[in-house]
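So the chains spell out like this:
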Amino acid sequence: MYLRTKDVKSQDFVGKEVTIRGWVHRLRKQKENAFVLVRDDRGGVIQCVFPAEKAAGLTIESSLEVAGTVSQDSRAPEGGFEIKGKTLKTFNIAPPDYPIGEYQSDELLLDKRHLTLRTRKMIAIAKIRSSVLHYGRRWFVENGWMEVTAPTIVKGAVEGGSTLFKLKYFDEEAYLSQSAQLYLEAMIFSLGPVWSLTPSFRAERSRTVRHLAEFSHLEAEAPWVTLEDILSTEEQLVSYIIQNTITERAEELEFLKRDVSDLKKVQPPFERMPYDKAIDTLRSRGFQVVQEDGSRRDIQFGDDLSIDSERELTKDADKPIFVVGYPIAVKPFYVKEDPERQGVGLTADMLAPRGFGEITSGGLREDDMASIVNRIKKEGLNPDAYDWYLDLRKYGSVPHGGFGLGIERLIRWITNVEDIKDTVLFPRTMSRVTP
Ligand code: 4AD
Ligand code: MG
C-alpha cells in the first residue's frame, strides 16, 4: 500500500515507516545527502532525504517509490515533515531535458500543457475546477433538478451564425453545439426542471482573456417560471458554488494568492440593475462606444454592453450584478419580449464584480408560435431549420425559461487568473487545438 504525502504529514506517522509513490518535483544534491521533493499523484509534495550516492541517477520528473521513516523537522519545506529514505525504486528515469522549469514563456507553457499540468499552479486550478463542478452538480441535485445531456452535434444555430463551427456530418452539414438550450427546452415538457453540463463551442474570432472556442456550459431550464425565479436560482447556485469552493479549496486559493474576502460576501440577493439604469450610469460617466467606421459616440439605449462597459459597471462591486431587460435586438431570437414594454427582453446577464463581467445569460423564452417565427426570420435564420423546435410552441406551449453559466468564466473570477485559458486544462482557442 502506498500513501499520499498529505496523509503522511501527520504526528501519527512520525517515527513510522511509510511507502509513497510519485515524481521528482525538485532536486537538491549535496555532498552527503540528496533532498528530493517528491510530488504524489494528487499534487501533494514531501521532502525525502537520501544518502547522495543512492539518489545519484535521479532527474526531475523521474518516477519513483520511496520507503522510509517519517520525521518532523521544521526546516523541511511544505509543512515541516520529511521522509528519511531507506529504499528507492525508480519506475522511469526521465532524460535531463524536462522542458518545464522556473522561467518559461506563457506560450511554451501552453505548448507543453500536458507537462504544465504538473506545476503547482495548474494543480491548484484543477482542484478548484473540480470543486466548482462538484458543487454545481450538487446544488441542482439537492434542489430537485434533473440531470440530462444534450447532443453536441446539431443542425441549428442557437447563439447566432457567426460563431458556428461547421462540420461534415456524413453527407450533410452540421455544427458543433453552441448551447444545449433548445434541447433542454424540449425536455421540460416531460421532465420538468432540468440541467446539463456539456461542452459548448464558439468559433470566436476574437482573442480575448475571456473567450474560449470550447467551454464547459452549465445550463438549466424549467417550465412555468418567472424571470425572478430564474434570477433567484442563479444567485443561489453561484453563491453555493463559491462558498463551498472557497472553504474546500482555501489552500489552493492561497497558493494562487487569491484574497477571498470579497468572495465570502457572495450571498443572495444580488443587485438587479435595469438595463436602462446601466446605460444611464455609463452615460453619466461619459462612456463611449466605437462605431463601425471607427468614430466614437456616447453609449445609448439599444447598445449591447461590451466588456469595457461591464467592467465600468462592476469595478466597485463586491457581489455580482444582474443587468435586467436588454433590448431584444441585441439578444438571440428566443428571448421573450416583455408584453408591457415593446422591444425589451425578459432577460438578464449576471456580471461578476471587480470588472470580471458576464458569467451567465438567461431569462424567459418566447413561447408564442407566431412571434418566434417572426424573430427567427428577423435574425436572418431559416425557420425550416427549427421545425422540431417550433413543435414545442405548437403542442402544449408553456411559459418557461432558463440560463447558461460559463464554468471557465466563473473559475476565472474565483481564481483571479488573468487568462481564461488557465482555467481549463487543455484550452481550445482560435490559435490552439494542441495538445
Ligand atoms: O450568453 P450565452 O451565449 O448564452 C447562451 O448560450 C444561452 N443559450 C444559455 C441558456 O440560456 N441556456 O452563453 C452563456 C454563458 C455566458 O454567460 C458565458 O459565461 C459563457 O456561457 N460563454 C463563454 N465562455 C467562454 N468562452 C466563450 N466563448 C463563451 N461564450 C459564452
Ligand atoms: Mg450572453
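Preceding block: the structure.
Residues numbered from 1 in each chain as written. Chains lettered and ligands numbered in written order. Predicted model: local features only at pLDDT ≥ 70, side-chain atom pairs only at ≥ 80, totals over all residues. Heavy atoms only, no water.

**Topic: the packing of aromatic side chains**
Reasoning step 1: Counted by the stated rule, this structure contains 13 aromatic pairs.
Reasoning step 2: Ring geometry for Tyr135 against Tyr240: centres 6.1 Å apart, planes inclined by 70°, an arrangement best described as edge-to-face. Of the two residues, Tyr135 is situated in helix α4 (residues 120–142) and Tyr240 in helix α6 (residues 227–248); the sequence distance between them amounts to 105 residues. The two residues Tyr135 and Tyr240 agree in class, both being buried. (Phe/Tyr/Trp six-rings, centres within 6.5 Å; stacked < 30°, edge-to-face > 60°. Helix = DSSP H or I, 4+ residues; strand = E, 2+ residues; numbered from the N terminus. Buried < 20%, exposed > 50% of the residue type's maximum accessible area, 1.4 Å probe, protein only.)

**What about the environment of Leu167?**
Reasoning step 1: Counting through the fold element by element, Leu167 comes out in strand β8 (residues 166–169).
Reasoning step 2: Looking at Leu167, the relative accessible area reads 27%, which means it is partly exposed.
Reasoning step 3: For the pair Leu167 and Pro327, spaced 160 residues apart in sequence, the C-alpha separation works out to 32 Å.
Reasoning step 4: If we ignore the near neighbours within four places in the chain, the residues touching Leu167 are Ile153, Glu172, Glu173, Ala174, Tyr175 and Leu176. (Contact = heavy atoms within 4.5 Å.)

**Some points on the pattern of salt bridges**
Reasoning step 1: On inspection of all chains with the given rule, the structure shows 35 salt bridges.
Reasoning step 2: Where Arg118 meets Glu61, a salt bridge forms, and the shortest distance between an N and an O atom there is 2.9 Å. Pair noted here: Arg118 is in the loop between α3 (113–116) and α4 and Glu61 is in the loop between β3 (45–51) and β4 (63–72), with a separation of 57 residues, a long-range link.
Reasoning step 3: Arg138 is the partner of Glu142 in a salt bridge, and the nearest nitrogen-oxygen pair spans 3.4 Å. Taken together, the positions of Glu142 and Arg138, both in helix α4 and four residues apart, correspond to about one turn of that helix.
Reasoning step 4: The network of salt bridges with shared partners includes Asp262, Lys265, Asp318 and Arg354. (Salt bridge = Lys/Arg side-chain N within 4 Å of Asp/Glu carboxyl O.)

**With respect to the site of ligand 1**
Reasoning step 1: In the vicinity of ligand 1, 22 residues are found, and the nearest of them are Glu159, Gln181, Glu219, Glu358 and Ile359.
Reasoning step 2: In this structure, Arg202 approaches ligand 1 through a side-chain N or O atom, which is 2.9 Å from an oxygen atom.
Reasoning step 3: One of the backbone N or O atoms of Thr360 is found 3.4 Å from an oxygen atom in ligand 1.
Reasoning step 4: Mapped by element, the contributors of at least two residues to the shell around ligand 1 are β11 (214–223), β17 (357–364) and β18 (400–406).
Reasoning step 5: Ranked by residue count, the leading element in the shell around ligand 1 is β17, at four residues. (Near = heavy atom within 4 Å. Polar contact = N/O pair within 3.5 Å; in protein donor to acceptor, adjacent residues only side chain to side chain.)

**A closer look at the sheet that holds β4**
Reasoning step 1: Within the closed barrel, the five strands sit side by side as β1-β2-β3-β5-β4. Their pairing is mixed. Each strand axis lies, on average, 55° off the axis of its neighbour in the sheet, ignoring direction.
Reasoning step 2: Of the pairings in the sheet, the one linking strand β2 (residues 33–39) to β3 comprises seven bridges and is antiparallel in character. By the bridge assignment for β3, Phe35 is matched with Val49. (Pairing = 2+ DSSP bridges. Axes fitted to C-alpha atoms, helices over the stretch in contact; angles between N-to-C directions.)

**Quick look at the coordination of the magnesium ion (ligand 2)**
Reasoning step 1: Binding of the magnesium ion (ligand 2) to the protein goes through Glu358 (OE) and Ser361 (OG), at separations of 2.2 to 2.3 Å.
Reasoning step 2: The class of Glu358 is partly exposed, set by a relative accessible area of 22%.
Reasoning step 3: The class of Ser361 is partly exposed, set by a relative accessible area of 27%. (Donors = N, O, S within 2.8 Å, 3.2 Å for Na, K, Ca; no water.)

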